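Secondary and tertiary structure notes
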Amino acid sequence: MFDYIVVGAGSAGCVMANRLSENPGKRVCLVEAGPPDKSPLIHIPLGLALLARAGGIKWDFNTEPERELNNRKLYWPRGKTLGGSSSVNAMIYMRGHPADYEGWALAAGSDWGWERARKIFLAMESNVAIFGVHHGKQGPLTVSNLVHPNPLSRAFVEAGIECQFPDNRDFNGVSQEGVGLYQVTQKEGRRFSSARAFLDPVRGRVNLTVETGALVERVLFENRRATGLRLRGRDILLRYGGEVIVCGGAVNSPQLLMLSGIGPGEELSHHGIEVVHDAREVGANLADHLDIGVLAATRGREAIGVAPSFLPRAIRSAWTYMRHKTGELTSNVAEAGGFVKSDPLRERPNLQFHFLPALMRDHGRKTSFGYGVTLHVCDLLPKSRGRIGLASGNPLVAPRIEANYLSHPDDMDVLLNGLKIARRVLEAPAMKRHIKAELLPGPQVQSDQALIADIRARAETIYHPVGTCRMGQDAQSVVDPQARVRGVEGLRVVDASIMPSIIAGNTNAPVMMMAENVSRMMLGQ
Ligand SMILES: Cc1cc2nc3c(=O)[nH]c(=O)nc-3n(C[C@H](O)[C@H](O)[C@H](O)COP(=O)(O)OP(=O)(O)OC[C@H]3O[C@@H](n4cnc5c(N)ncnc54)[C@H](O)[C@@H]3O)c2cc1C
């Protein structure tokens, strides 16, 4: 019997397990559906390029046919191993814009405003490259500069500056706007996932049990109070007064709540699930960053390529990495990027670039032969909203993901401008001298109509779904400002699903910050 049971050892779950097990008098169980994080593809940063093909450590979800995207079913990978998505992500360390958190404060109260968030980011961070008032240096989460940025990533930054975007050396500093190289969650040339930062250091605690390969099928209730979890063939139980903390991520958390009887009553009844609490917004308010890439072949061989001529370099890189943990294998692929406005009249950036010194097709599931670059651009503040629903009452069946991308007409305008701006950057002299030919959308695609058709044919997720168990002060929200699920006792949700609105940036660090914030509330700190 446990005082706390945490479901999901992802970005949020590892932080929760660490903090809640600090008190040796409290017994904590962390339950993870995936296996331990043993694969070298997780730990060697460039392994990311092959992770999309790796089996067993991801949930390989797909959306329902997306109406505005030619009815395509989009691939939605999520991490399924210790560290969750922080073990398969691109390692970019980004907090988002202060205004994002001011929006959260309006929705969920001052405990979620920028002042508090900033303090927590600093306390969690150990930045080994940028110092000063905007960064922490004693926290558990190591943040580094890229060890070996590709020359093309530097050329991209130069090209951005030539386009009059600010030269930004620190996206988490004074201002988010501009172009630059990203900082990464890496330590000494290895991925620093949430599991490495928060779980590994406390694995020896006798009051902490970690179960892997254990899919939670539902939360158990007695008189609307959580009493434990049901797994295949067995239950894990709470001591009286204990709590279950669901950290399954933006897709799995709403699914688990629904399987447990918390969700839209009619939908649950349709799947033969007994309703514990009729909560209409479970699964609703899904927001994500939709992204489109410009691919171009390069003249030289600086890029990370797939070609016989790359082989000697690959062997040298592997040798360097084995000996020193440096060299090209430390690349997070999405090495550079930036934040710009789709329209100069906007108050703050609403587009983000991810620049890859490599050709990337279909999330890396298709091999792109030759040398080239990919410049991704995504809409950071989309107005379209989707939902997660149940496809079945069977916990082994993936939920229905209706992302509803571009269902709000403004979102297409933003992405269209983004695509044009991305092309402009690749046309600037510092990049142009490297480019042999644009491959996609392709030089023949020029009119707005043709570009819109290209977006419909090719846009993909940049992996930041949030909001499906929305946190708020209002009675309709799924969780209250302390992340407690409304309508029942002894149950919280803490992960990307509770974001009141989407962050204008990458979501890993914000999720870890949220988990630390809730831990402090639970521990009365
Ligand atoms: C390919 C990819 C690239 C990304 N790149 C970046 C990046 O560079 N920078 C950045 O900031 N963000 C990035 N992100 C996003 C970021 O990693 C996620 O937003 C963040 O990790 C989400 O954290 P979470 O705690 O909500 O969920 P997760 O980290 O996904 O954790 C959920 C965990 O719960 C487990 N789980 C779920 N259901 C159950 C169940 N029923 N029983 C037991 N266990 C369960 C899962 O297996 C998983 O381990 C990326 C994401 C992906 C997928």
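Predicted model only: the values in this text are computed from it and were never measured. Think of each chain on its own: its residues are numbered from 1, step by step along the sequence as written. Residues qualify for local features only when their pLDDT is at least 70, as the model is predicted, and side-chain atom pairs are given and counted only at 80 or more; totals for whole chains, interfaces and linings, by contrast, use all residues.

Describing the site of the ligand
- By convention here, the C-beta atom is placed from the backbone, and a residue is near a molecule or strand when that atom is within 6 Å of it. Contacts to the ligand come from 41 residues, most closely from Gly8, Gly10, Gly84, Asn506 and Asn508.
- Mapped by element, the contributors of at least two residues to the shell around the ligand are α1 (11-20), β4 (75-79), α8 (249-259) and α14 (508-522).
- Each helix is a run of DSSP H or I of at least 4 residues and each strand a run of E of at least 2, with the numbering of both proceeding from the N terminus. If you tally residues by element for the shell around the ligand, the top one is α8, at four residues.

Quick notes on the pairing of strand β11 (residues 208-211)
- The burial label depends on the number of other C-beta atoms within 10 Å of a residue's C-beta. Counts of 20 or more mean buried, 12 or fewer mean exposed, and intermediate counts mean partly exposed, with C-beta atoms placed from the backbone. Residues Leu208 and Val210 point to one face of β11 and are all buried, whereas Thr209 and Glu211, pointing to the other face, are not buried.
- In the sheet, strand β2 (residues 28-31) pairs with β11 via four bridges, with the strands oriented parallel. Each bridged residue has a counterpart across the sheet, and for Cys29 the counterpart in β11 is Thr209. Being paired, for any two strands, means DSSP has found at least two bridges between them.

Concerning the domain arrangement of the protein
- Segmentation of the chain into domains, including their bounds, is taken from an automatic or database domain assignment. Looking at the assigned domains, one finds that the protein contains domain 1 (2-39 + 195-286 + 466-522) and domain 2 (147-181 + 290-379 + 407-458).
- Relative to domain 2, the C-alpha centre of domain 1 lies at a distance of 35 Å.

Let's talk about unusual backbone geometry
- A cis amide bond, omega 0°, links Leu440 with the succeeding residue Pro441.
- Mapped onto the elements, Pro441 comes out in the loop between β23 (435-440) and α13 (448-458).
- In this structure, Gln164 takes a positive phi of about 75° despite not being glycine.
- Tracing the backbone through its elements, the reader meets Gln164 in the loop between α6 (151-162) and β7 (178-181).
- C-beta crowding within 10 Å serves as the criterion here: with 8 such atoms nearby, Gln164 is assigned to the exposed category.
- Look at Asn404: it is not a glycine, yet its phi comes out positive at around 55°.

Brief notes about the sheet that holds strand β6 (residues 141-145)
- Ordered by their spatial adjacency, three strands build an open sheet running β5-β6-β8, and the pairing between neighbours is mixed. Taken across any chain shown, the strands that pair with only one partner, and hence form the sheet edges, are β5 (125-127) and β8 (183-184).
- The pairing of β5 with β6 spans three bridges and is classified as parallel. Residue pairing across strands places Ser126 opposite Thr142, the latter belonging to β6.

A look at the environment of Ala296
- Relative to the helices and strands, Ala296 is located in strand β17 (residues 290-298).
- You can call Ala296 buried: it has 21 C-beta atoms within 10 Å.
- Each C-alpha atom, one on Ala296 and one on Glu222, is 59 Å from the other, the two residues being 74 residues apart in sequence.
- We call two residues in contact when their backbone-placed C-beta atoms lie within 7 Å. Sequence-distant contacts of Ala296, that is, excluding residues within four places in its chain, are made with Gly372, Val373, Leu426, Ile435, Ala437, Glu438 and Leu439.

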